[in-house]
Amino acid sequence: MKRLTTQQLVPGMVVADDVMTSNHQLILPKDTVLTDAQIMKLDLYGILTLHVKDEVIAQPGPLPVHAGPSYFTRIKESPEFKEFKKIYEAEVDSFKNMINQVVEKNTQLDVKELLNRSLEMVTDTAGHTSILDMLHNMREYDDSTFAHCLNVGLICNVFAHWLQLSDTEVEMATICGLLHDVGKLLIPHEIITKPGKLTNLEYYQVKKHSFEGYQLLLKQNINEHICNAALMHHERSDGSGYPMGLKDAEIDTYAKMVAIADVYDAMTSARVYRAPICPFKVIEIFESEGLQRYDVGFVLCFLENIVNTYIQNRCRLSDGQEGTIIFINKPKLSRPIVQCGDKYVNLSETPDLSIEALL
C-alpha cells in the first residue's frame, strides 16, 4: 500500500481505504477500482492524496482515434496558439522569479505589475480560440505550482467577465487566482514532487498549504480578498472543505470563484495516461457531484459559458458516431443535441451515450 497524490493516480489502481471528505462524507469506498472519471471526481472534492493498493487492474482501451486531426491538435498547430505558448512560457518564468523573491527574500509583492503582465497576456492572445482551449493544450508544460497559478488566474479572468463583473472586480478575481496556491511554495519541493508514499507528517504539510499561503500574504500590503482566496479556496459550500469547514456565505466571494477555476484546471491537467480531456466529461462530473459543493450561481454560469463555445463543433460519441453539436440543453449542460448525418441525438434522453471527444 502507498499514498499517492491525485496527479499520480492511474485508472486501474485500487483504493486501499475509504476516501472521505473532512466532514466524513464518503467519496469512494475501499477496494474501488479507479477510472478516469473517479480520478477527476477526487479533484472535484479537493482530495490531495489517498492510499492505493500495490495491484493495478487492467482497464479497457479507448475507442479508435478519429482519422483526421483532432480539435485540440488543430489548435496546437495554429499560429495563434504558437504565439500564446511563447508568451505563456515567458510569463511562467517571470511569475516564478517574482514569487520566489517574496518567498525566499521576503520582498514586497508588486501586485500591480503581476496583474498588468497577466492582463497583457489575455489581451495579446485574444482571438477566435478561447484562453481555456489554449490552456488545455499547455498540458505538456511542466505542471508546476507556478504554471497552475497562472492557469487559475487566467481562468478567473475569463470567469469574471462571464459574470459581468466590473473592471475592478475582474482584476481582483485575476490576482486572487494568481496567488491562491502560493502556500505550496513553502512546502519542501521534495514533498510536493515525491513519487512514492507520503508519511502522515508530509501529508499534513501538504494539506496546510492554504493556511501557509494566507499567513504569507498577510505580511504583504494587499487586499484581504487575496489573502482569503489563498486560505479558503478548498472550502466548499456544503461545509465539506478545509481548513475550517466553512459554508456558503462564510466563504469569501472571490475564494468561491477561485475554487471553481482551481478544480477545473486540476481536472483538465496533465495525466500520464491520457491526452487533453473532453470538456463535456468535466462538465458532467460538475453537474453530478459539484452543484451542492460550489456556489450554484457561479458554477452554472461557468459551465454554461464553456459549453456555449462548442456549439457547431464536431464531436465523437461514446458509441463511435460522429456529429455536430447543435443545441445545448440548459437543464443538462453536458448532454446537448448532436446531429449525426440525418439523425438528431438528444443526449439528455440517451443516458447510455455521451460525448467522448471533440473533433
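Residues numbered from 1 in each chain as written. Predicted model: local features only at pLDDT ≥ 70, side-chain atom pairs only at ≥ 80, totals over all residues. Heavy atoms only, no water.

Glancing now at the overall build of the protein. Each helix and strand counted, the protein has 14 helices and ten strands in total. Here the protein has a C-alpha radius of gyration of 20 Å; the compact-globule value for 359 residues is 21 Å, and the two agree. Taking the principal axes of the C-alpha coordinates as reference, the protein spans close to 65 × 50 × 35 Å. For the protein, the residues scored as buried account for 53% of the 359 residues in total. Looking at the protein alone, contacts between residues at least 24 apart form 66% of all its contacts between residues at least 6 apart. (Helix = DSSP H or I, 4+ residues; strand = E, 2+ residues; numbered from the N terminus. Rg over C-alpha atoms; globule rule 2.2 N^0.38 Å. Buried < 20%, exposed > 50% of the residue type's maximum accessible area, 1.4 Å probe, protein only. Contact = heavy atoms within 4.5 Å.)

Summed over all chains, the structure comprises eleven aromatic pairs. On the basis of an interplanar angle of 40° and a centroid distance of 5.7 Å, the ring pair of phenylalanine 84 and tyrosine 88 is categorised as tilted. Here phenylalanine 84 and its partner tyrosine 88 are both found in helix 3 (residues 79-105), four residues apart, which amounts to about one turn of the helix. When the centroid spacing of 5.0 Å and the interplanar angle of 65° are considered together, the rings of phenylalanine 159 and phenylalanine 302 count as edge-to-face. (Phe/Tyr/Trp six-rings, centres within 6.5 Å; stacked < 30°, edge-to-face > 60°.)

So, about the pattern of salt bridges. Going through the model one piece at a time under the given rule, you end up with 13 salt bridges. Between lysine 86 and glutamate 83 there is a salt bridge whose closest N-O contact spans 3.4 Å. Within this pair, lysine 86 and its partner glutamate 83 are both found in helix 3, separated by three residues, close to a single helical turn. Classification of lysine 86 by relative accessible area gives exposed; the value is 54%. Taking relative accessible area as the criterion, glutamate 83 reaches 36% and is therefore assigned partly exposed. (Salt bridge = Lys/Arg side-chain N within 4 Å of Asp/Glu carboxyl O.)

As a further point, take unusual backbone geometry. For the peptide bond that leads from tyrosine 242 to proline 243, omega is 15°, which places it in the cis range. With a phi angle near 75°, aspartate 31 is a residue other than glycine that sits in the positive phi range. Residue position: aspartate 31 is located in the loop between strand 4 (26-28) and helix 1 (36-44). Located in the positive-phi region is asparagine 106, a residue other than glycine, with phi close to 55°. The topology assignment puts asparagine 106 in the loop between helix 3 and helix 4 (111-124). Judged by relative accessible area, which is 56%, asparagine 106 ranks as exposed.

Let us now look at the pairing of strand 9 (residues 343-346). By the bridge criterion, four bridges tie strand 8 (residues 337-340) to strand 9 in an arrangement that is antiparallel. Its bridge partner being in strand 9, glutamine 339 is matched across the sheet by tyrosine 344. Between strand 8 and strand 9, which follow one another and run antiparallel, lie two residues, and glycine 341 among them has a positive phi close to 65°. (Pairing = 2+ DSSP bridges.)

We now examine the environment of valine 14. Looking at where valine 14 falls in the secondary structure, it is placed in strand 2 (residues 13-15). In sequence terms valine 14 and methionine 1 are 13 residues apart; their C-alpha atoms lie 9.7 Å from each other. Setting aside chain neighbours within four positions, we find valine 14 in contact with Asp31, Thr32, Val33, His51, Val52, Lys53, Glu55 and Ile57.

Before going further, it helps to spend a moment on the packing of helix 11 (residues 224-232) against helix 12 (residues 253-267). In a packed pair of helices, the relevant descriptors are the angle between the two axes and the axis-to-axis distance. Interhelical geometry of helix 11 versus helix 12 gives an angle of 45° and a closest axis separation of 8 Å. Taken together, helix 11 and helix 12 sit at an angle that is classed as oblique. Where helix 11 crosses over helix 12, the two elements pack in a sense that is right-handed. Two secondary-structure elements touch here, helix 11 through His225, Asn228, Ala229 and Met232 and helix 12 through Tyr254, Ala255 and Val258. (Axes fitted to C-alpha atoms, helices over the stretch in contact; angles between N-to-C directions. Parallel < 35°, antiparallel > 145°, perpendicular 65-115°, else oblique. Left-handed = near helix turned anticlockwise from the far one by under 90°.)

Read from one edge of the open sheet, three strands run 1-5-2, paired in antiparallel fashion. At either margin of the open sheet sits one strand with a lone partner, and together these are strand 1 (2-5) and strand 2. Along the sheet, successive strands turn relative to each other by an average axial angle of 55°, direction set aside. Two elements, strand 2 and strand 5 (residues 49-56), share two bridges in a ladder whose sense is antiparallel. Bridging from a neighbouring strand, valine 15 pairs with valine 52 of strand 5.

Functional significance is not addressed by these values, which are geometric in nature.
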